[in-house]
Amino acid sequence: MARREKIYDIIIIGMGPAGLSAGIYTARANIKTLIIGKSADSKLYHIPPGKIENYFGLERCTGKKLLETGKKQAKKFAAKLLEKNIVEIKKTKAVKPAKSAAGQNGQKNKIFEVITEDKKKYSTKALIFAVGTLTTTEKISNEKKFLGKGVSYCALCDASFFRDKPIIVIGSDDSTAKEALELCAYTRDIQIYTNGEKIRFTNRLLKKLEEKKIKINGNKITKIAGDKFVEKIILQSGKIISVKGIFITQKSASFTSLTVSLEVKTKNNFIIVNRKQETNIKGVFAAGDCTGNPTQLAKAVGEGAVAGINATAFVQQR
Ligand SMILES: Cc1cc2nc3c(=O)[nH]c(=O)nc-3n(C[C@H](O)[C@H](O)[C@H](O)COP(=O)(O)OP(=O)(O)OC[C@H]3O[C@@H](n4cnc5c(N)ncnc54)[C@H](O)[C@@H]3O)c2cc1C
């Protein structure tokens, strides 16, 4: 049986830059805030020194250090941090609104129940999804081992490290084609590997790939290999291909099951939000990579701040 804890004003799901940024804003506004997630699961955690080149005012800082500082800031304003995964969220019965604080648009106020992996239950008046996107379990042997050492999930972030070098893009849908085309500005030596899957590119993108002379291979890749950095891929046929960079675009969202139970609307595995970071469900906000491209630190922090400010206003108006 799940054990109930006290009611929070806001629960933030995710301990990456979006979640921590939101939490700094809500806690600083004296809103009772709980941030749940694993900072080591944030994409930012694994970025080594010198690799974040495009975040305002930051040089030679590791992702881990940035997260540790963010956690300290949130705690300083009395946010509670829980390094756990959430396995379920439920919308519970509406609570009777106070006379002076009826729900927005005449709706009764809902309470959300969040259940963590250890079966503990936490209740909240508002929720912020800051869950990032999941880079699933590794699809190719050694993918995680070489993450940040030649393997990347983001052309926009890492393309400049592969200027004029041979690279491959792995995937089979439109995002793969778009990523490959984006990389053309940095190198001409690009190939797409569908890893045995059927291509699902639009004709327009196919034509552009042809124009840029980007070859598409259907071969399966069994292994990524190298010493400290990526040096080659080994195909199922045994053939070895020399590469310096591998961009993997096949990802799926981790939050699907959580959003489905709340009926939060998504499109292409991203949560749909308006400019206030509100979802279609009152009291539920979303920020960061989980709302879509560009999946960048600056966007995550900015959207986190906006979600934090608007979730605070929502709680105060209840
Ligand atoms: C190798 C690499 C290099 C990069 N380089 C750059 C760069 O140079 N510049 C740049 O701007 N961006 C870069 N990025 C992208 C940047 O790291 C992300 O855009 C940023 O981390 C997104 O922040 P986020 O908070 O939205 O998601 P994340 O940082 O991914 O955090 C997601 C959080 O959600 C939590 N979570 C997920 N599911 C659950 C659940 N069920 N229950 C509880 N918690 C959950 C996770 O535990 C995690 O704490 C890079 C990314 C990678 C992988």
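Look a little higher up for the structure.
Model, not experiment: these values are computed from the prediction.

Rules of the game
- Residues numbered from 1 in each chain as written.
- Predicted model: local features only at pLDDT ≥ 70, side-chain atom pairs only at ≥ 80, totals over all residues.
- Buried ≥ 20, exposed ≤ 12 C-beta atoms within 10 Å, placed from the backbone.
- Helix = DSSP H or I, 4+ residues; strand = E, 2+ residues; numbered from the N terminus.
- Pairing = 2+ DSSP bridges.
- Near = placed C-beta within 6 Å.
- Nonpolar A, V, L, I, M, F, W, Y, C, P; charged D, E, K, R; others polar.
- Domains from an automatic or database assignment.
- Core = buried A, V, L, I, M, F, W, Y, C linked by C-beta atoms within 7 Å.
- Expected span 1.5 Å × (residues − 1).
- Contact = placed C-beta atoms within 7 Å.
- Axes fitted to C-alpha atoms, helices over the stretch in contact; angles between N-to-C directions.

Visitor: Please give an account of the pairing of strand 14 (residues 245-248) that cites residues and values.
Guide: With burial as the criterion, each face of strand 14 is covered, one bearing Gly 245 and Phe 247 and the other bearing Ile 246 and Ile 248. Relative to strand 14, strand 7 (residues 151-152) is paired through two bridges, and the arrangement is parallel. Note that in strand 14 the partner of Ser 152 across the bridge is Phe 247. Pairing of strand 8 (residues 167-170) with strand 14, which is carried by four bridges, proceeds in the parallel orientation.

Visitor: Outline the site of the ligand, listing residues and values.
Guide: Around the ligand sit 43 residues in total, of which Gly 14, Gly 16, Gly 37, Gly 132 and Gly 288 are the nearest. For the shell around the ligand, the secondary-structure elements that each account for two or more residues are helix 1 (17-28), helix 3 (155-158) and helix 7 (297-317). Taken together, the residues that form the shell around the ligand break down as 20 nonpolar, 16 polar and seven charged. Counting residues domain by domain, the shell around the ligand receives three or more from each of domain 1 (3-134 + 252-317) and domain 2 (151-248).

Visitor: Please set out the nonpolar core residue by residue, giving values where relevant.
Guide: The biggest cluster of nonpolar side chains holds 49 residues, and the ones touching the most others in it are Ile 11, Ile 13, Ile 128 and Ala 130. In terms of residue count, the dominant contributor to this core is helix 7 (seven residues). Counting residues in hydrophobic clusters, the runner-up holds 26 residues, among them Ile 190, Ile 192, Ile 233 and Val 243.

Visitor: Lay out helix 1 in plain terms, naming residues and giving numbers.
Guide: With 12 residues, helix 1 should reach 16 Å at 1.5 Å per residue; the first-to-last C-alpha distance of 16 Å fits that figure. Counting buried residues in helix 1 gives 11 out of 12 residues, a clear majority hidden from the surface. For helix 1, the set of buried residues is Pro 17, Ala 18, Gly 19, Leu 20, Ser 21, Ala 22, Gly 23, Ile 24, Tyr 25, Thr 26 and Ala 27. Just downstream of helix 1, Asn 30 is the residue with a positive phi angle, here 60 degrees.

Visitor: Just give me the short version of the sheet that holds strand 9 (residues 190-193), but keep the residues and values in it.
Guide: With respect to topology, five strands assemble into an open sheet ordered 7-14-8-9-10, the strand pairing being parallel. Looking at the sheet topology across the chains shown, the edges are occupied by strand 7 and strand 10 (215-217). Helix 4 (residues 174-183) contacts strand 8, strand 9 and strand 14 of the sheet and is inclined by roughly 160 degrees relative to strand 8.

Visitor: For the environment of Ser 175, give the residues involved together with the corresponding values.
Guide: Relative to the helices and strands, Ser 175 is located in helix 4. For the pair formed by Ser 175 and Phe 201, sequence separation is 26 residues and the distance between their alpha carbons is 8.6 Å.

Visitor: How would you explain the environment of Ile 24 if you had to name every residue and give the values?
Guide: Relative to the helices and strands, Ile 24 is located in helix 1. Judged by C-beta crowding, with 24 C-beta atoms within 10 Å, Ile 24 ranks as buried. Ile 24 sits 52 residues away from Lys 76 along the chain, and the two C-alpha atoms are 8.7 Å apart.

Visitor: How would you sum up unusual backbone geometry? Please name residues and give values.
Guide: Each neighbour pair has its own omega, and for Asn 293 with Pro 294 the value is -5 degrees, a cis peptide bond. Tracing the backbone shows Pro 294 in the loop between strand 17 (284-286) and helix 7. Residue Ala 78 is not a glycine yet carries a positive backbone phi of 75 degrees. Tracing the sequence through the fold places Ala 78 in the loop between helix 2 (63-76) and strand 3 (80-82). With a phi close to 60 degrees, Lys 213 is a non-glycine residue in the positive phi region. Position of Lys 213 relative to the elements: it lies in the loop between helix 5 (203-211) and strand 10.

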